[in-house]
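Topology and contacts: notes
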Amino acid sequence: QGRARNNLGSLEVGNGRLAEACNHYEQALLLSRRGSDRRMESGVLGNLGMLHADMGKSEQARRYYEAALRVAQEVGDRKVEGNTLCNIGLFFSSG
């Protein structure tokens, strides 16, 4: 169910419905934490970082990116770690 919510969030971003996307991502984050799915948690945190960056909410975006990176490193998810580092670089180069 958490993965479905994460996917719905991505669809909403694509449709320009950012508030709805945020709701889906937050639900996915809650479900990933409830189910102790740390890999999904790191991916959802990264999605929330990108979403908040797109919404111009820099401080929230930075916090989500940092949390995504921390969790990815804790669980050894090199793919999410690399994606997050890339997104952090893009975030700081555009600001």
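This text goes with the structure placed above it.
The next thing to look at is the packing of helix H1 (residues 2-14) against helix H2 (residues 18-34). Packing of H1 against H2 brings their axes to within 8 Å, and their N-to-C directions diverge by 165 degrees. Taken together, H1 and H2 sit at an angle that is classed as roughly antiparallel. Relative to H2, H1 is oriented so that their crossing is left-handed. Between H1, through Gly2, Arg5, Asn6, Leu8, Gly9, Ser10, Glu12 and Val13, and H2, the contact on the second element is made entirely by Leu18, Glu20, Ala21, Asn23, His24, Tyr25, Gln27, Ala28 and Leu31.

Once that is clear, we can look at the packing of aromatic side chains. Following the criterion strictly, the structure yields 2 aromatic pairs and no others. On the basis of an interplanar angle of 65 degrees and a centroid distance of 5.7 Å, the ring pair of Tyr65 and Phe91 is categorised as edge-to-face. A residue pair is termed long-range when its members are at least 10 positions apart, and Tyr65 in helix H4 (residues 58-75) and Phe91 in helix H5 (residues 78-94) qualify at 26 residues. An identical accessibility class is assigned to Tyr65 and Phe91; each is buried. Ring centres of Phe91 and Phe92 lie 5.1 Å apart, and the angle between their planes is 70 degrees; on these two criteria the pair is classed as edge-to-face. Judged by relative accessible area, Phe91 falls into the buried class, the value being 14%.

Reading guide: rules and limits
- Residues numbered from 1 in each chain as written.
- Predicted model: local features only at pLDDT ≥ 70, side-chain atom pairs only at ≥ 80, totals over all residues.
- Heavy atoms only, no water.
- Axes fitted to C-alpha atoms, helices over the stretch in contact; angles between N-to-C directions.
- Helix = DSSP H or I, 4+ residues; strand = E, 2+ residues; numbered from the N terminus.
- Parallel < 35°, antiparallel > 145°, perpendicular 65-115°, else oblique.
- Left-handed = near helix turned anticlockwise from the far one by under 90°.
- Contact = heavy atoms within 4.5 Å.
- Phe/Tyr/Trp six-rings, centres within 6.5 Å; stacked < 30°, edge-to-face > 60°.
- Buried < 20%, exposed > 50% of the residue type's maximum accessible area, 1.4 Å probe, protein only.

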